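Given next are the chains, with one letter for each unit.
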Amino acid sequence: MSSEDLENYETDAELALYREYRDVVGLFQYVVETERRFYLANKVDLQVRASGGDVYFEVTMADAWVWDVYRSARLVKNVRVVTFKDVNIEELSQDEDAIPDMGQLRSR
């Protein structure tokens, strides 16, 4: 497989993932962004925890979809993320015109 073939494969996979995102985004209430992943979820619980002077975040999500081009099953019943990094949680509007473009999502 040439590097051009690999690049074309990755581009096609990202485009398919974006199309899937566009198809499912209306089914979810929240967007959750961590340093490693981007999620859509219908239930989100954020807990701030402290341990030995450090603060970390524990995010639990139910009925979620994971933005990950290399993951075969993106719909997940329950997700738990523990991180020392920032977590961004936004409630989605039901306005379909508010879908971010692929360039914004590709950088995640």
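Going by the structure above, here's the rest.
Along each chain, numbering runs from 1 in the same order as the chain's sequence is written. Two thresholds apply to this predicted model, a pLDDT of at least 70 for residue-level local features and 80 or more for giving and counting side-chain atom pairs, whereas whole-chain, interface and lining totals are computed over all residues. Only heavy atoms go into the side-chain values, all of them from the structure, while hydrogens and water stay out.

Asks: Would you mind showing me how to read the overall build of the chain here?
Replies: Think of it this way: any DSSP run of H or I at least four residues long counts as a helix, any run of E at least two long counts as a strand, and we number them from the N terminus. For the chain, the count of helices and strands is two helices and five strands. Ordered by position from N to C terminus, the α and β elements of the chain give α-β-β-β-β-β-α. Burial status follows relative accessibility: with a 1.4 Å probe on protein chains alone, a residue under 20% of its type maximum counts as buried, one over 50% as exposed, and anything between as partly exposed. Out of the 108 residues in the chain, the part that is buried amounts to 31%. In what follows, residue pairs with any heavy atoms lying within 4.5 Å of each other are defined as contacts. The long-range share in the chain, meaning contacts at least 24 apart out of those at least 6 apart in sequence, stands at 55%. Method for areas: the Shrake-Rupley scheme with a 1.4 Å probe, in which residue coverage is limited to the protein chains shown. Total accessible area on the chain stands at roughly 7,400 Å², and carbon and sulfur atoms take up 45% of it.

Asks: It is not clear to me how the pattern of salt bridges should be interpreted in this structure. Could you clarify?
Replies: The term salt bridge refers to a pairing of a side-chain nitrogen on Lys or Arg with a carboxyl oxygen on Asp or Glu at a separation within 4 Å. All chains considered together, the criterion is met by four salt bridges. Among the ionic pairs, aspartate 68 bridges to arginine 37, the shortest N-O distance being 3.3 Å. With aspartate 68 in the loop between strand 3 (54–67) and strand 4 (75–83) and arginine 37 in the loop between strand 1 (30–33) and strand 2 (38–51), the pair connects residues that are 31 residues apart, well separated along the chain. In this structure, arginine 80 engages glutamate 58 in a salt bridge whose closest nitrogen and oxygen atoms are separated by 2.9 Å. Of this pair, arginine 80 sits in strand 4 while glutamate 58 sits in strand 3, and the two are 22 residues apart along the sequence. When its relative accessible area of 58% is taken as the criterion, arginine 80 is described as exposed.

Asks: In this structure, what is going on with the pairing of strand 2? I would like to understand it.
Replies: Strand residues, when the strand is regular, have side chains that alternate between the two faces of the sheet. At least two bridges found by DSSP between two strands are what make those strands a pair. Direction of pairing for strand 1 relative to strand 2: antiparallel, over a ladder of four bridges. Following the sheet pairing, tyrosine 30 is matched in strand 2 by alanine 41. Turn length for the strand 1-strand 2 hairpin, with the two strands adjacent in sequence and antiparallel, is four residues. The pairing of strand 2 with strand 3 spans 13 bridges and is antiparallel. Bridge pairing in strand 3 places phenylalanine 38 opposite tryptophan 67.

Asks: What should I look at first to understand unusual backbone geometry in this one?
Replies: Glycine aside, negative phi is the norm for most residues, and most peptide bonds take the trans geometry. One non-glycine residue with positive phi stands out, namely aspartate 63, at about 55 degrees. Residue placement: aspartate 63 occurs in strand 3. For aspartate 63, a relative accessible area of 41% puts it in the partly exposed group.

Asks: Looking at this structure, how should I read a nonpolar patch on the surface?
Replies: Like charges are joined within 9 Å and nonpolar side chains (Val, Leu, Ile, Met, Phe, Trp, Tyr) within 5 Å, but only among residues with over 30% relative accessible area and no salt bridge; these make up the patches. Residues Leu46, Val48, Val55 and Ile89 make up a contiguous nonpolar surface patch of about 310 Å² in total accessible area. Along the chain, valine 55 turns up in strand 3.

Asks: I tried to follow the packing of aromatic side chains on my own but got confused; where do I start?
Replies: To describe a pair of aromatic rings, you give the distance between the ring centres and the angle between the ring planes. Aromatic contacts are taken between Phe, Tyr and Trp rings whose centres are within 6.5 Å, Trp giving its six-membered ring; a plane angle under 30 degrees counts as stacked, one over 60 as edge-to-face, and the others as tilted. Scanning the entire structure with this criterion turns up seven aromatic pairs. By the ring-pair criterion, three or more aromatic residues cluster together here, those being Tyr18, Tyr21, Phe38, Trp65 and Trp67.

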